Amino acid sequence: VAAVLYGLTVFLRSPWLRQMVLVPLLPAIQFYHGSPINNYLSIAALYGLVAKNKSLHPFTRSIGAQASTLMMVQFPANFLLQFFGAAPGPIANL
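Residues numbered from 1 in each chain as written. Predicted model: local features only at pLDDT ≥ 70, side-chain atom pairs only at ≥ 80, totals over all residues. Heavy atoms only, no water.

Please clarify how the packing of helix α3 (residues 36-51) against helix α4 (residues 58-85) should be interpreted in this entry.
Helix packing geometry: the angle between the two helix axes and the distance between the axes. Direction vectors running N to C along α3 and α4 enclose 160 degrees, while the axes themselves pass 8 Å from each other. Taken as axis vectors, α3 and α4 run roughly antiparallel relative to one another. At the point where α3 passes α4, the crossing takes the left-handed sense. Note on element contacts: α4 touches α3 through T60, R61, G64, A65, A67, S68, M71, M72 and F75, opposite N39, Y40, S42, I43, L46, Y47, V50 and A51. Here the contact of α3 with α4 is built from residues that sort into eleven nonpolar, five polar and one charged. (Axes fitted to C-alpha atoms, helices over the stretch in contact; angles between N-to-C directions. Helix = DSSP H or I, 4+ residues; strand = E, 2+ residues; numbered from the N terminus. Parallel < 35°, antiparallel > 145°, perpendicular 65-115°, else oblique. Left-handed = near helix turned anticlockwise from the far one by under 90°. Contact = heavy atoms within 4.5 Å. Nonpolar A, V, L, I, M, F, W, Y, C, P; charged D, E, K, R; others polar.)

Encoded structure:
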């Protein structure tokens, strides 16, 4: 459960939701957060296997392209969050 960064309280409040959604996805979540290179591999796999696959429906391909783009945009935000999270109190309160 600690691998889910956002929405953790929803899973903690609902045992049924945790059992039905989080438990089957736990190996994928652990792989994604297991190593920093796994993030890049996941984005490359999503982009190459879904967004550029001409045999899939165009809607599915566009959702895959949007998801991979949003994942790439999330990297700088996560870096800044880690930077300010490790900062002393007066710097983090700016």
